[in-house]
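Observations on the model geometry
One letter stands for each residue in the lines below.
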Amino acid sequence: MKIHKYKQKHQSPGWSLTFLSGIILGGFVVWWNKDVFLMDSYFLGEEVFKRFGYTSIYKEGFFYYILKNRIEFFVLLILSSFTSLMNLFFYIIFLWCGVSIGVITVTLIIKFGIKGIVLLFGLLFPHMFIYVPCFLGLIGFLHKLKNAEKNLYPEFNVSGNAGNKVVSVFLLMILGFGLLLFLGVLLESYVNPLILKKITNLFW
């Protein structure tokens, strides 16, 4: 019974709860300091969206900028799986993502009301529909691989002759997630700006 509970604990690390806690925390920070956020015209302010609506974007430069940042984060996740601080790092990531979403969402709603929800959609679509499964899948895979030595996931047993198979699976999975990441970068660089421009031009 103890082994079963221990396995369940590691299979469900509580990332979703950490993410939700981050959203609440981020929303609370904005609501508690809403006067400050309302006065800050540079952070998701109306002028910023207006300027974006008529500004031309150097798409190639934007693409390489996004690609560099996403790859750095991708590699950092992988490297963290080779350290003893992997689980802590993952918790920090989920908390930070939750706080970021909470801050952005509540700020947009306070500043623009219903329009803020539409702007939020414009900021996140369509690339987040690729990034979310990509990074969740990668984190879940790395977590299983890290706990393989505890026999929590027999399919990732690295002992004996199975080690070569695990290495092959690891490389194939990283390649698959890498291709998914690249697709997300393409969408964020070339498709998202067009959608966000149409939304901002619709409002202003």
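Residues numbered from 1 in each chain as written. Predicted model: local features only at pLDDT ≥ 70, side-chain atom pairs only at ≥ 80, totals over all residues. Heavy atoms only, no water.

A closer look at the side chain of Thr107
Topologically, Thr107 is positioned in helix α6 (residues 86-112). By relative accessible area, Thr107 is classed as buried at 1%. There is a polar contact of 2.6 Å between the side chain of Thr107 and the backbone oxygen of Val103. With residues near it in sequence (within four places) discarded, Thr107 still touches Val30, Phe37, Phe43 and Leu44. (Helix = DSSP H or I, 4+ residues; strand = E, 2+ residues; numbered from the N terminus. Buried < 20%, exposed > 50% of the residue type's maximum accessible area, 1.4 Å probe, protein only. Polar contact = N/O pair within 3.5 Å; in protein donor to acceptor, adjacent residues only side chain to side chain. Contact = heavy atoms within 4.5 Å.)

Topic: α6
With 27 residues, α6 should cover 39 Å at 1.5 Å per step; its first-to-last C-alpha distance of 39 Å lies within 8% of that length. Restricting attention to buried positions, one finds in α6 the residues Met86, Phe90, Ile93, Phe94, Gly98, Val99, Gly102, Val103, Thr107, Leu108, Lys111 and Phe112. Check the buried side of α6 and you find it contacts α2 (15-32), α3 (34-39), α4 (46-54), α5 (59-80), α7 (114-124) and α8 (128-146). After α6 finishes, the residue Gly113 shows a positive phi value of roughly 65°. (Expected span 1.5 Å × (residues − 1).)

Description of the packing of α6 against α8
Following both chains from N to C, one finds α6 and α8 inclined at 160°, their axes separated by 11 Å at the closest point. Viewed along their axes, α6 and α8 adopt a mutual orientation that is roughly antiparallel. With respect to the hand of their crossing, α6 and α8 are arranged in left-handed fashion. Contact residues: Met86, Asn87, Phe90 and Phe94 in α6; Leu136, Ile139, Leu142, His143 and Lys146 in α8. Residue composition of the contact of α6 with α8, grouped by class: six nonpolar, two polar and one charged. (Axes fitted to C-alpha atoms, helices over the stretch in contact; angles between N-to-C directions. Parallel < 35°, antiparallel > 145°, perpendicular 65-115°, else oblique. Left-handed = near helix turned anticlockwise from the far one by under 90°. Nonpolar A, V, L, I, M, F, W, Y, C, P; charged D, E, K, R; others polar.)

As for the nonpolar core
Core analysis: the biggest nonpolar cluster contains 25 residues, and Phe74, Leu77, Phe90, Leu138, Leu142 and Phe170 have the highest contact counts within it. Breaking this core down by element, the ones donating at least two residues are α5, α6, α8 and α9 (162-203). Among the elements that make up this core, the one with the highest residue count is α8 (eight residues). If we ignore the near neighbours within four places in the chain, the residues touching Leu77 are Phe89, Phe90, Ile93, Phe135, Leu138, Ile139 and Leu142. (Core = buried A, V, L, I, M, F, W, Y, C linked by side-chain atoms within 4.5 Å.)

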